[in-house]
Amino acid sequence: MDRRSPDLPLLSIVAPFYNEEAAVETFCRRVRAAADAVHDLQMEVEIICVNDGSRDATWPMLLAAARADARFRVIDLSRNFGKEAALTAGLQEARGDAVVPIDADLQDPPELIPELVARWREGFEVVLARRTARDGDGYWKRLGSRLFYRLHNRLADTPLPDDVGDFRLLDRKVVDALLLLPERRRFLKGMFAWLGFSTTSVDYVRGARSSGASKFTLRGLVDFGLDGMLSFSTAPLRFWIYCGVAIAGLAFLYASFIVVRTLVQGVDVPGYASLIVISLFLGGIQLLGIGVIGEYVGRIYGEVKQRPLYLVRERFPDDGAAPHQAGPRTGSPVSGDKSIPGNS
Ligand code: UDP
Ligand code: MG
């Protein structure tokens, strides 16, 4: 296929794959067509596919696609690390002047990419693909995600737009900035929002999966939502301070009342019920508070370990170390070692 010309800017399309064998072929066909359209806009394209530890035929199919078309670069992770890590691997691998992360299941239409590129050319650093309808997702998923965004935006310091996913165009500056954020628990949507940069959006209708079922279970989505909220807000910690103050205040009032009553009426034995109710209630509140603190401590532990986000088993074509990684080929999200002093 066409060799990369050094004068034209480069667009990287990045897709994570987890057990998507049924989608690979259509994905490659539609993305190749989108790449041709982008090429007509005087831009080279590379397509980076990250296999996130699929247990089906996804990897051999991706390899075949890469052998047939030089625009493809494929990476095989050593196991399933989760979508956020797989996407980070792809972003780290991308060399483009602009990068578009896209889902492999074609819920995000590749046909929109030329439009994203056109807006980027106008000078925007982030072009969001805003979904005007989510007919492709079920009722409960839509309701759940609506509730999540409401709650998140109440609590977190950087609000999230509720109708965009990971499908968007990012300028090189934005990708580099993102890769500088060293956290291990990655909630990309929140991290993108935190970054800022000049942003515009393009509307589209989110379709149904081209094949297969969503890889996220209800439990997975709840965990994902909690990750998002806990990573971007300490409001859950603060809540327990307010709660504690309110309960302590009530307890003080009640204590004063009892003291006065005892002074006036003398000692009375009944009161067992109220005592047990109060101590159980306080016990529950304390456990909850400890649980919240535990969540944050667990997160600190995860960050402190400084493990790489992902491990690469294989690359094709294998052309030396990836551009954004110095040293061993692991998924440290920091470019080189400069961001973490003492990281040897
Ligand atoms: N995915 C992944 N690793 C995972 C789960 C999902 O790489 O552990 C990929 C998946 O192959 C797809 C994208 O992430 O390309 C979005 O996944 P899915 O469609 O299941 O999520 P949804 O669209 O339901 O949010
Ligand atoms: Mg999907």
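Procedures and definitions
Residues numbered from 1 in each chain as written. Chains lettered and ligands numbered in written order. Predicted model: local features only at pLDDT ≥ 70, side-chain atom pairs only at ≥ 80, totals over all residues. Heavy atoms only, no water. Helix = DSSP H or I, 4+ residues; strand = E, 2+ residues; numbered from the N terminus. Buried < 20%, exposed > 50% of the residue type's maximum accessible area, 1.4 Å probe, protein only. Contact = heavy atoms within 4.5 Å. Areas by Shrake-Rupley, 256 points an atom, 1.4 Å probe, with all protein chains shown as cover. Donors = N, O, S within 2.8 Å, 3.2 Å for Na, K, Ca; no water. Pairing = 2+ DSSP bridges. Expected span 1.5 Å × (residues − 1). Arc of directions from axis to C-beta. Phe/Tyr/Trp six-rings, centres within 6.5 Å; stacked < 30°, edge-to-face > 60°. Lys NZ or Arg CZ within 6 Å of the ring centre and 35° of its normal. Axes fitted to C-alpha atoms, helices over the stretch in contact; angles between N-to-C directions. Left-handed = near helix turned anticlockwise from the far one by under 90°. Nonpolar A, V, L, I, M, F, W, Y, C, P; charged D, E, K, R; others polar. pLDDT = per-residue confidence, 0-100. Parallel < 35°, antiparallel > 145°, perpendicular 65-115°, else oblique. Disulfide = S-S within 2.5 Å. Polar contact = N/O pair within 3.5 Å; in protein donor to acceptor, adjacent residues only side chain to side chain. Salt bridge = Lys/Arg side-chain N within 4 Å of Asp/Glu carboxyl O.

1. Digging into the overall build of the chain
Here is step 1: Each helix and strand counted, the chain has 10 helices and 8 strands in total.
Here is step 2: Looking at the 344 residues of the chain, the share that counts as buried comes to 44%.
Here is step 3: A fraction of 82% describes how many contacts in the chain between residues 6 or more apart in sequence connect residues 24 or more apart.
Here is step 4: Of the accessible surface of the chain, which amounts to about 17800 Å², a share of 62% is contributed by carbon and sulfur atoms.

2. What to know about the coordination of the magnesium ion (ligand 2)
Here is step 1: Coordination of the magnesium ion (ligand 2) by the protein comes from Asp105 (OD) and Gln107 (OE1), over a distance range of 1.9 to 2.0 Å. In this structure, aspartate 105 and glutamine 107 share a single accessibility class: buried.

3. Remarks on the pairing of strand 6 (residues 164-171)
Two faces, one strand: in a regular strand the side chains alternate between the faces of the sheet.
Here is step 1: Most of strand 6 sits out of view: 8 of its 8 residues are buried.
Here is step 2: Across 2 bridges, the pairing between strand 4 (residues 98-101) and strand 6 is antiparallel. Within strand 6, the position partnered with alanine 98 by the bridge is aspartate 171.

4. A closer look at the environment of alanine 37
Here is step 1: Its place among the elements puts alanine 37 in helix 1 (residues 21-40).
Here is step 2: With relative accessibility at 30%, the residue alanine 37 sits in the partly exposed group.
Here is step 3: The sequence separation of alanine 37 and isoleucine 113 amounts to 76 residues, and the corresponding C-alpha distance is 8.7 Å.

5. Some details on helix 5 (residues 139-155)
Here is step 1: Taking 1.5 Å of rise per residue, 17 residues should cover 24 Å, and helix 5 covers 25 Å from first to last C-alpha, within 8% of that figure.
Here is step 2: Within helix 5 the residues assigned to the buried category are Ser145, Phe148, Tyr149 and His152. Seen from one end, helix 5 has its buried residues packed into an arc of 100°, which puts them on one side. Projecting away from the buried face of helix 5 at angles above 90 degrees are the exposed residues Tyr139, Trp140, Leu147, Arg150 and Arg154.

6. Regarding the packing of aromatic side chains
Here is step 1: Taken as a whole, this structure holds 4 aromatic pairs when the rule is applied.
Here is step 2: Their ring planes at 80° and their centres at 6.3 Å tell us that phenylalanine 148 and phenylalanine 187 sit as a pair that is edge-to-face. Here phenylalanine 187 lies in the loop between helix 6 (172-180) and helix 7 (188-195) and phenylalanine 148 lies in helix 5, a separation of 39 residues in the sequence. The two residues phenylalanine 148 and phenylalanine 187 agree in class, both being buried.
Here is step 3: Here the guanidinium or amino end of arginine 67 rests over the ring plane of phenylalanine 316, the centre of that ring lying 5.0 Å away.

7. Structural notes on the packing of helix 6 against helix 7
Here is step 1: Their axes nearest at 10 Å, the elements helix 6 and helix 7 cross at an angle of 115°. Note on packing geometry: the crossing formed by helix 6 with helix 7 is right-handed. The residues of helix 7 that touch helix 6, namely those facing Val174, Ala177 and Leu178, are Leu188, Met191, Phe192 and Leu195.
Here is step 2: Looking at the contact of helix 6 with helix 7, its residues break down into 7 nonpolar, no polar and no charged.

8. Some words on the confidence of the model for the chain
Here is step 1: On average, residues of the chain score 80 in pLDDT, and 86% of them reach the 70 mark or higher.
Here is step 2: Note that residues 324-344 has pLDDT below 50 and, in this model, 46 contacts with residues that lie over four places away or in other chains.

9. Structural notes on the packing of helix 3 (residues 83-93) against helix 6
Here is step 1: Two elements in contact, helix 3 and helix 6, have axes separated by 10 Å at closest approach and are oriented at 125°. Viewed along their axes, helix 3 and helix 6 adopt a mutual orientation that is oblique. Between helix 3 and helix 6 lies a crossing whose hand is left-handed. For the pair helix 3 and helix 6, the contacting residues are Thr88, Leu91 and Gln92 in the first and Val175, Leu178 and Leu179 in the second.

10. Some details on the state of the cysteines
Here is step 1: Applying the stated criterion across every chain yields a total of 0 disulfides.
Here is step 2: In this structure cysteine 28 is not part of a disulfide, and its nearest cysteine sulfur, from cysteine 49, lies 5.8 Å away.
Here is step 3: Classification of cysteine 28 as buried rests on a relative accessible area of 5%.

11. Let's talk about the environment of proline 161
Here is step 1: With respect to the helices, strands and loops of the structure, proline 161 is situated in the loop between helix 5 and strand 6.
Here is step 2: In the structure, proline 161 is positioned 33 residues away from leucine 128 in sequence and 9.8 Å away in space, judged by C-alpha atoms.

12. Things to note about the side chain of glutamate 93
Here is step 1: As for its placement among the helices and strands, glutamate 93 is situated in helix 3.
Here is step 2: What makes glutamate 93 buried here is its relative accessible area of 3%.
Here is step 3: There is a polar contact of 2.4 Å between the side chain of glutamate 93 and the side chain of arginine 315.

13. Remarks on the pattern of salt bridges
Here is step 1: Counted under the stated rule, the structure contains 13 salt bridges.
Here is step 2: For the salt bridge of aspartate 166 with lysine 83, the shortest nitrogen-to-oxygen distance reads 3.0 Å. In this pair, aspartate 166 sits in strand 6 while lysine 83 sits in helix 3, placing the two residues 83 residues apart along the sequence.
Here is step 3: Arginine 315 is paired through a salt bridge with glutamate 93; the nearest N and O atoms lie 2.4 Å apart. Highlighted residues: arginine 315 in strand 8 (residues 312-316) and glutamate 93 in helix 3, separated in sequence by 222 residues.
Here is step 4: A network of salt bridges, in which partner residues are shared, links Glu46, Arg73, Glu93 and Arg315.

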